[in-house]
2 protein chains.
Amino acid sequence: MFEAKVTIGLKKGISDPEGTNTLKALKLLGFDNVVEAKTTRTIDLLIDSKNESDVKKSVEQMCQRLLTNPVVHTYEIKVVKK
Amino acid sequence: MFEAKVTIGLKKGISDPEGTNTLKALKLLGFDNVVEAKTTRTIDLLIDSKNESDVKKSVEQMCQRLLTNPVVHTYEIKVVKK
């Protein structure tokens, strides 16, 4: 079994309205020392396989075919044996 | 400057429709060896402060007041000096 963590963020220059609004709301609540807020999503996958490099290849394909939008997203894959 | 990473997940027993649908879609695409898919959100905050323990306390307050819903979410805070 392997656990694959796919962290999906936004490319440079792509606006992050959720982050912007979080920052605004924190300032309104009086947290004045917050300079920046950015959001990312993580998908944790549990994969039944015996070969780590197969898992990496297959998660890479999942990212390209379903999990991310290559126009706006960057992603990072971490695979750990379980 | 400190960077605080707040990782927000769902409590045990709370349904994760995004994860469930991701798992379904991956199986439909032929990725049959995926056993589980879970989603979490991360908020990266950049905070202007000189004291690490102040930052931790203030991020803890942000979580309780704005960032998370204590009924359904679990959260983890990591603070790194920048």
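Residues numbered from 1 in each chain as written. Chains lettered and ligands numbered in written order. Predicted model: local features only at pLDDT ≥ 70, side-chain atom pairs only at ≥ 80, totals over all residues. Heavy atoms only, no water.

Section: the overall build of chain A
And step 1. In terms of helices and strands, chain A carries two helices and three strands.
And step 2. Listed N to C, the secondary structure of chain A is β-α-β-α-β in terms of helices and strands.
And step 3. Its C-alpha atoms give chain A a radius of gyration of 16 Å, more than 25% over the compact-globule value 12 Å for 82 residues.
And step 4. Across the 82 residues that make up chain A, the buried fraction comes to 37%.
And step 5. Put simply, 73% of the contacts in chain A that link residues at least 6 apart link residues at least 24 apart.
And step 6. The centroid of the 14 positive side-chain charges in chain A is displaced by 3 Å from the centroid of its 11 negative side-chain charges. (Helix = DSSP H or I, 4+ residues; strand = E, 2+ residues; numbered from the N terminus. Rg over C-alpha atoms; globule rule 2.2 N^0.38 Å. Buried < 20%, exposed > 50% of the residue type's maximum accessible area, 1.4 Å probe, protein only. Contact = heavy atoms within 4.5 Å. Lys, Arg positive; Asp, Glu negative; His and termini not counted. Charge placed at Lys NZ, Arg CZ, Asp CG, Glu CD.)

Details of the environment of Val34(B)
And step 1. Mapping Val34(B) onto the fold places it in strand β2 (residues 34–47).
And step 2. Looking at Val34(B), the relative accessible area reads 1%, which means it is buried.
And step 3. As a C-alpha pair, Val34(B) and Thr68(B) span 34 residues in sequence and 29 Å in three-dimensional space.
And step 4. Sequence-distant contacts of Val34(B), that is, excluding residues within four places in its chain, are made with Leu45(A), Leu46(A), Ile47(A), Met62(A), Leu23(B), Leu26(B) and Lys27(B).

Describing the pairing of strand β2 (residues 34–47) of chain A
And step 1. The buried fraction of β2(A) is high, at ten of 14 residues.
And step 2. Note that strand β1 (residues 2–10) of chain A and β2(A) share seven bridges and pair antiparallel. Bridge pairing in β2(A) links Ala4(A) to Leu45(A).
And step 3. With 13 bridges connecting them, β2(A) and β2(B) associate as antiparallel partners. Looking across to β2(B), one finds that Ile47(A) is bridged to Val34(B). (Pairing = 2+ DSSP bridges.)

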